[in-house]
Amino acid sequence: MEQDYLKLEHLSVGYNRQSIIDDINIDIKKGEIVALIGPNGAGKSTILKSIARELEIIGGDIILDGKNIRKYSFKELSSKMAVILTERIKVELMTCRDIVATGRYPYTGRFGLLTKNDEEKINEALETVHAFDIAYKDFNRISDGQKQRILLARALCQEPEIILLDEPTSFLDVKHKLELLTILTDLARKKKITVVTSLHEIDLAEKVADRIVTVKGKELFGFGKPEDIFEESKIKELYEIEKGFFDPLLGNIELSKPEGEKPKVFVIAGGGKGIPVFRKLQKENIPFAAGILHTNDIDYRLARLLAAEVITEKPFEEISDETFEKALKCMNSCERIINVSPEIGRMNKRLEELIRIAQKRQEEQNG
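If you're wondering where the values come from, they're calculated on a predicted model, not measured in any experiment.

Draft legend 1. How the structure looks around the overall build of the protein chain. If you tally the helices and strands in the protein chain, you get 13 helices and 16 strands. Considering only C-alpha atoms, the protein chain reaches an extent of 90 × 45 × 40 Å along its principal axes. Looking at the 367 residues of the protein chain, the share that counts as buried comes to 49%. Summarising the internal contacts of the protein chain: among those between residues at least 6 apart in sequence, 65% fall at separations of at least 24. Here the protein chain displays about 19200 Å² of accessible surface, and carbon together with sulfur accounts for 49% of that area. A gap of 3 Å separates the mean positions of the 57 positive and 62 negative side-chain charges of the protein chain.

Put into structure tokens, the structure is as follows:
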């Protein structure tokens, strides 16, 4: 069985010898990606800074690679652990390559002179984060996404076994978020570097992390695999969500359903074609019904959150008479019908009949 690489044992963290979270027990294996999620101010950064020894440990122990972290000298620790925090570094007249080179300081000796081996490590780090093209640019004149890659390259120059990152995707656009997380995933999978990071984007945490730490209140809210943590009720409780929803299957955050219990519009949907219509009606605050949807249909995942009523059928079952009549009754009670032209197969063939009735109704209204 693979041994734990990082262990937090009954750890208490906080500031000025006052704990804000107690009895933290986490075990992380080498090469794992672990994401910390939770509300702002819950203590995610405090946990990371305590592991990095930037904050004094209030109680308990941190064991890194079988050794209590208190017994590491700072030089020893910097050759094992790299840290990228949210504080923006301020530098003057330094190129990106200069910044990356500072990651070699644990190895350069008293005078800080770079050897040929150090230069090779710098090149390797720049190549890993795809930043050769900006190596000689002024660090202060590059984008936030590029800065994150340079700081990651600096961290890699330390040749760490573990990297701690505090909200590394904040302020990044979609492209740079994906690039950064792809690099981190490659480091974990190919080089067995352990990654512990806090993330605001819970959909990204769900997709990238091997295990999730949920932080809220005086003790950890939860710790486990994404499929165990990302349940609707747990996420709702963690973030105290009162308006809106989080769908763990699709990783989507959705606003509240339109006001009103009685639907005004009936959407004949299926196969994902109803999703943009559902969202448009939600934006216009028009209560709607959707059907007939099998409960394994992707349209159902959103309809169940936004629709006033959803007419459903069991997965892989043909539409029954009872379900059809229920849909027909609901459709006839609505002021308007929208047909998104879903693909018709054997299981939802009776949608053709529903569509014909809807078209006849429309012709009568126009005639």
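Draft legend 2. Representation of the sheet that holds strand β9 (residues 211-215) within the structure. Here we have six strands laid out as an open sheet, ordered β6-β7-β8-β3-β9-β10, and mixed in their pairing. Every interior strand has two partners, whereas the edge strands, β6 (81-84) and β10 (220-224), have only one. Here the strands of the sheet are splayed against their neighbours by 10 degrees on average, with no regard to which way each runs. Pairing of strand β7 (residues 162-166) with strand β8 (residues 194-198), which is carried by five bridges, proceeds in the parallel orientation. Residue pairing across strands places Ile163 opposite Val195, the latter belonging to β8.

Draft legend 3. Inspection of empty space enclosed by the protein at higher detail. Going through the model one piece at a time under the given rule, you end up with one cavity of 30 Å³ or more. The space that makes up the largest cavity amounts to roughly 40 Å³. As for the largest cavity, its lining consists of Leu8, Ile26, Ile28, Val34, Leu36, Ile47, Ile51, Val196 and Val213. Mapped by element, the contributors of at least two residues to the lining of the largest cavity are β2 (18-29), β3 (33-37) and α1 (44-51). Looking at side-chain class alone, the lining of the largest cavity contains nine nonpolar, no polar and no charged residues.

Draft legend 4. Structural detail: the packing of helix α4 (residues 116-128) against helix α5 (residues 144-157). Where α4 meets α5, the axes come as close as 8 Å, and the angle between the chain directions of the two elements is 140 degrees. Judged by the angle between their axes, α4 and α5 are oblique. The two elements α4 and α5 cross, and the hand of that crossing is right-handed. In this structure, α4 uses Lys121, Ile122, Ala125, Leu126 and Thr128 to contact α5, whose residues at the interface are Ile150, Ala153, Leu156 and Cys157. Residues of the contact of α4 with α5, tallied by class, amount to seven nonpolar, one polar and one charged.

Draft legend 5. The sheet that holds strand β13 (residues 265-268), seen in detail. Taking strand neighbours across the sheet as the criterion, the four strands line up as β15-β14-β13-β16 in an open arrangement whose pairing is parallel. Two strands bound the open sheet, and with one partner strand each, they are β15 (309-313) and β16 (336-339). Taken over all neighbouring pairs, the strand axes of this sheet differ in orientation by 15 degrees on average, direction set aside. Examined bridge by bridge, strand β14 (residues 288-294) and β15 share four bridges and lie parallel to one another. Following the sheet pairing, Ala289 is matched in β15 by Glu309. Along the sheet face, helix α11 (residues 298-306) touches β14 and β15 and points at about 150 degrees away from the line of β14. Contacts from helix α13 (residues 351-366) reach β13, β14 and β16 within the one sheet, and its direction differs from that of β13 by about 140 degrees.

Draft legend 6. A look at the state of the cysteines. In the structure shown here, the tally under the stated rule is zero disulfides. Residue Cys157 stays outside any disulfide, its sulfur separated by 13 Å from that of Cys96, the closest cysteine. Cysteine Cys334 shares no disulfide, and the gap to the nearest cysteine sulfur, in Cys330, comes to 4.6 Å.

Draft legend 7. Region of the structure containing the packing of aromatic side chains. Per the counting criterion, the structure on display carries two aromatic pairs. Here Phe230 and Phe246 contribute two aromatic rings whose centre-to-centre distance is 6.0 Å and whose plane-to-plane angle is 45 degrees, an arrangement assigned as tilted. Of this pair, Phe230 sits in the loop between α8 (226-229) and α9 (232-239) while Phe246 is found in strand β11 (residues 245-247), placing the two residues 16 residues apart along the sequence. Overall, Phe230 belongs to the buried group, its relative accessible area being 4%. Residue Phe246 is classed as buried on the basis of its relative accessible area of 5%. Between Phe278 and Phe288, the ring centres sit 5.2 Å apart and the planes meet at 15 degrees, which makes this aromatic pair stacked. One end of the pair, Phe278, is in helix α10 (residues 275-283); the other, Phe288, is in strand β14, and 10 residues separate them in sequence. Taken individually, Phe278 and Phe288 each receive the classification buried, so the pair is uniform in this respect. Its end group placed over the ring of Phe74, Arg53 keeps NZ or CZ at 4.4 Å from the ring centre.

Parameters at a glance
Residues numbered from 1 in each chain as written. Predicted model: local features only at pLDDT ≥ 70, side-chain atom pairs only at ≥ 80, totals over all residues. Heavy atoms only, no water. Helix = DSSP H or I, 4+ residues; strand = E, 2+ residues; numbered from the N terminus. Buried < 20%, exposed > 50% of the residue type's maximum accessible area, 1.4 Å probe, protein only. Contact = heavy atoms within 4.5 Å. Areas by Shrake-Rupley, 256 points an atom, 1.4 Å probe, with all protein chains shown as cover. Lys, Arg positive; Asp, Glu negative; His and termini not counted. Charge placed at Lys NZ, Arg CZ, Asp CG, Glu CD. Pairing = 2+ DSSP bridges. Axes fitted to C-alpha atoms, helices over the stretch in contact; angles between N-to-C directions. 1 Å grid on protein atoms, 1.4 Å probe; cavity = no way out; pocket = protein on both sides within 12 Å on 5 of 7 lines; lining within 4 Å. Points joined across faces, edges and corners; volume = space filled by probe spheres on them. Nonpolar A, V, L, I, M, F, W, Y, C, P; charged D, E, K, R; others polar. Parallel < 35°, antiparallel > 145°, perpendicular 65-115°, else oblique. Left-handed = near helix turned anticlockwise from the far one by under 90°. Disulfide = S-S within 2.5 Å. Phe/Tyr/Trp six-rings, centres within 6.5 Å; stacked < 30°, edge-to-face > 60°. Lys NZ or Arg CZ within 6 Å of the ring centre and 35° of its normal.

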